[in-house]
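# Structural features, examined
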Amino acid sequence: MARVYTSSVIDAPAAKVWERIRDFNGLPKWHPRIRESRIEEALPADKIGCIRNFNLQNGDNIREQLLGLSDYDLFYSYSMLEGPMPLSDYIATLRLTPVTEGDRTFIEWSAEFSCEPDVEDELVTGIGTNVFQGGFEALKRHFGA
């Protein structure tokens, strides 16, 4: 089982960051690698089990299913159902924790998945850098860092 973990601190209150990222269908609004997204069957974007179907800027298509979401604990978890990467059993969690000193946000994004050993390092680096850290950098820019 491969694991990816990335964390950062955003200079904005957790409630404001959560407001920006909470919408499971809202990736194009805050992540620069996402071109468009829709929730299949017109389900609410916060309904557990809903599926987001989105396209990356390069045209690749990905389908992910919402597994859990908590406004109290400020997180959501999802699985990847289909995508261009050679992996399976992908489960990820995006979580916020308030940093009371300075009213900032500790953000962490993690994933576990199965893949062939010869592509594991490349996938871990690519997901951690391009997807997770890329999203964090976009959020920091949005909140003025």
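Within every chain, residues take consecutive numbers counted from 1 along the sequence as written. Two thresholds apply to this predicted model, a pLDDT of at least 70 for residue-level local features and 80 or more for giving and counting side-chain atom pairs, whereas whole-chain, interface and lining totals are computed over all residues. Only hydrogens and water are set aside; all other atoms, that is, all heavy atoms of the structure, feed into the side-chain values.

Attention now moves to the nonpolar core. Ranked by size, the top nonpolar core spans 37 residues in total, and within it Tyr76 and Tyr90 carry the most contacts. Between two residues, a contact is recorded if the distance between any of their heavy atoms is within 4.5 Å. Apart from the residues lying within four places of it in its own chain, the contact partners of tyrosine 90 are Tyr78, Ser79, Met80, Ala111, Glu112, Phe113, Ile127 and Phe132. As used in this record, nonpolar core signifies buried Ala, Val, Leu, Ile, Met, Phe, Trp, Tyr and Cys residues forming a set joined through side-chain atoms within 4.5 Å. Each residue is assigned to one of three classes by its accessible area relative to the maximum for its type, calculated with a 1.4 Å probe on protein chains only: buried under 20%, partly exposed between the two thresholds, exposed over 50%.

Position of arginine 35 relative to the elements: it lies in strand β2 (residues 34-39). Residue classification places arginine 35 among the partly exposed positions, given a relative accessible area of 43%. Through-space distance from the C-alpha of arginine 35 to that of aspartate 60 is 9.8 Å; in sequence the pair is 25 residues apart. Residues within four places of arginine 35 in sequence aside, it is in contact with Pro28, Asn55, Leu56, Gln57 and Gly59. Only DSSP runs of H or I covering at least 4 residues are called helices, and only runs of E covering at least 2 are called strands; the numbering of each starts at the N terminus.

The terminal C-alpha atoms of helix α3 (residues 117-142), which comprises 26 residues, lie 37 Å apart, in line with the 38 Å expected from a rise of 1.5 Å per residue. Consider a residue and the seven residues that end there alongside the seven that start there; fitting an axis to each set, the bend is the angle between those axes. Glutamine 133 marks where α3 bends most, by close to 35°. Those residues of α3 lying buried are Leu123, Ile127, Gly128, Phe132, Gly134, Gly135, Phe136, Ala138 and Leu139. Residues of α3 that are buried make contact with β1 (2-10), α1 (14-21), α2 (27-30), β5 (75-82), β6 (87-99) and β7 (104-115). Take the residue count of a helix, subtract one, and multiply by 1.5 Å to get its expected span.

With that settled, consider the pairing of β7. As judged from the nine bridges shared by β1 and β7, these two strands associate in the antiparallel manner. Of the residues in β7, the one forming a bridge with threonine 6 is tryptophan 109. Two strands qualify as a pair provided that DSSP identifies no fewer than 2 bridges between them. In this structure, β6 lies alongside β7, joined through eleven bridges in antiparallel fashion. Bridging from a neighbouring strand, proline 98 pairs with threonine 105 of β7. The turn linking β6 back onto β7 is made up of four residues, and glycine 102 within it adopts a positive phi angle of 90°.

Moving on, we get to α1. Residues of α1 that are buried include every one of Ala14, Val17, Trp18 and Ile21, and no others. Taken down its axis, α1 places every buried residue within 100° of arc, on the same side. In α1, the exposed positions that point more than 90 degrees away from the buried face belong to Ala15 and Glu19. Directions are taken from the helix axis to each C-beta atom, and the arc is the one they span.

Glancing now at the packing of aromatic side chains. For any pair of aromatic rings, geometry is given as the distance between the ring centres together with the angle between the planes. Between 30 and 60 degrees the pair is tilted, below 30 it is stacked and above 60 it is edge-to-face, where a pair is any two Phe, Tyr or Trp rings, Trp via its six-membered ring, whose centres lie within 6.5 Å. Counting across every chain of the model gives nine aromatic pairs. Between tryptophan 18 and tyrosine 76, the ring centres sit 6.2 Å apart and the planes meet at 45°, which makes this aromatic pair tilted. Of this pair, tryptophan 18 sits in helix α1 while tyrosine 76 sits in strand β5, and the two are 58 residues apart along the sequence. Across this residue pair, the class does not change: tryptophan 18 and tyrosine 76 are buried. With 6.1 Å between their ring centres and 55° between their planes, phenylalanine 24 and tyrosine 78 make a pair best called tilted. Of the two residues, phenylalanine 24 is situated in the loop between α1 and α2 and tyrosine 78 in strand β5; the sequence distance between them amounts to 54 residues. Residues phenylalanine 24 and tyrosine 78 agree in their burial class; the two are buried. Our definition puts a charge over a ring when NZ of Lys or CZ of Arg is within 6 Å of the ring centre and also within 35 degrees of the ring normal. Sitting over the face of the ring of tyrosine 78, arginine 52 holds its NZ or CZ atom 4.9 Å from the ring centroid. Between arginine 95 and the ring centre of phenylalanine 75, over which it is positioned, the NZ or CZ distance is 4.7 Å.

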